[in-house]
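Here are the chains, one letter per residue:
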Amino acid sequence: PEDTMSKGSGRHEVHVRRATSRDADALADIAARTFADTFGDSNTAEDMALHLTTTYSAAQQAAEIADPEIDVLVAEVDGALAGYAELRGGEAPECVTLDSPIELWRFYVDRPWHGRGVAQALMAAVDEAARRLPRGVHHGDQVAVGHRRHRVDAALHLRLAQVDQFEGTFQH
């Protein structure tokens, strides 16, 4: 299976690939920035700082990249990260009755790249990755999708085959 995907976006080509350990620092930066851009207004500065430090550190991103249950995809434009997505398997809530659900755990595009084709290229790569995963949720030729959308400043946080359930003190 392919590990990369490219799509033209005006003057810029979007290149989507699986993250490697070399991406941990840049991924930590874009992950913290896009999360803060999306949910910063809904949380206290103290809660946000604590969450960003514990959830989006370079060490945490390296651990997620190395985790065989998490598929981390990064979208690059001109050699810089423009967005990322994370799919994961594992235990699903009771309301999900599919055999092997895959969750689209994180999906963010950096603000300068909103409306420029990055999200479409990244979502196409997510769909392709979900179809390749051995734990994939398939029904015929289609990936089963059950999601609820949250849109704040065009940042999307989607779930595949799972109702969005956020743990912790953050609201969205």
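Residues numbered from 1 in each chain as written. Predicted model: local features only at pLDDT ≥ 70, side-chain atom pairs only at ≥ 80, totals over all residues. Heavy atoms only, no water.

(A) Structural context of the packing of helix α1 (residues 24–39) against helix α3 (residues 58–66). α3 packs onto α1 with a crossing angle of 110 degrees between their chain directions and a minimal axis gap of 8 Å. Considering their axes alone, α1 and α3 lie roughly perpendicular with respect to each other. As α1 runs across α3, the sense of the crossing is right-handed. Contacts from Ala24, Asp25, Leu27 and Ala28 of α1 reach α3 at Ala58, Gln61, Ala62 and Ile65. Of the residues assigned to the contact of α1 with α3, the class counts are 6 nonpolar, 1 polar and 1 charged. (Axes fitted to C-alpha atoms, helices over the stretch in contact; angles between N-to-C directions. Helix = DSSP H or I, 4+ residues; strand = E, 2+ residues; numbered from the N terminus. Parallel < 35°, antiparallel > 145°, perpendicular 65-115°, else oblique. Left-handed = near helix turned anticlockwise from the far one by under 90°. Contact = heavy atoms within 4.5 Å. Nonpolar A, V, L, I, M, F, W, Y, C, P; charged D, E, K, R; others polar.)

(B) Region of the structure containing the pairing of strand β5 (residues 103–109). Of all the 7 residues making up β5, 7 are buried; the element is thus mostly covered by neighbouring parts of the structure. Relative to β5, strand β4 (residues 80–88) is paired through 6 bridges, and the arrangement is antiparallel. If you follow arginine 88 over to β5, its bridge partner there is glutamate 103. (Buried < 20%, exposed > 50% of the residue type's maximum accessible area, 1.4 Å probe, protein only. Pairing = 2+ DSSP bridges.)

(C) Broad picture of the environment of glycine 40. Residue placement: glycine 40 occurs in the loop between α1 and α2 (45–55). Take glycine 40: its relative accessible area is 24%, and that puts it in the partly exposed class. Those residues within four positions of glycine 40 in sequence are excluded, and the remaining contacts are Phe35 and Met48.

(D) Geometry of the pattern of salt bridges. On inspection of all chains with the given rule, the structure shows 9 salt bridges. A salt bridge links aspartate 110 to arginine 33; the nearest nitrogen and oxygen atoms lie 2.7 Å apart. Highlighted residues: aspartate 110 in the loop between β5 and α4 (118–132) and arginine 33 in helix α1, separated in sequence by 77 residues. Taking relative accessible area as the criterion, arginine 33 reaches 31% and is therefore assigned partly exposed. Close ionic contact of arginine 111 with aspartate 37 constitutes a salt bridge, the shortest N to O distance being 3.8 Å. With arginine 111 in the loop between β5 and α4 and aspartate 37 in helix α1, this pair connects stretches of sequence that are 74 residues apart. Residues joined in a network through salt bridges with shared partners are Arg17, Asp23 and Glu76. (Salt bridge = Lys/Arg side-chain N within 4 Å of Asp/Glu carboxyl O.)

Take it as geometry only, folks, not as evidence of what the structure does.
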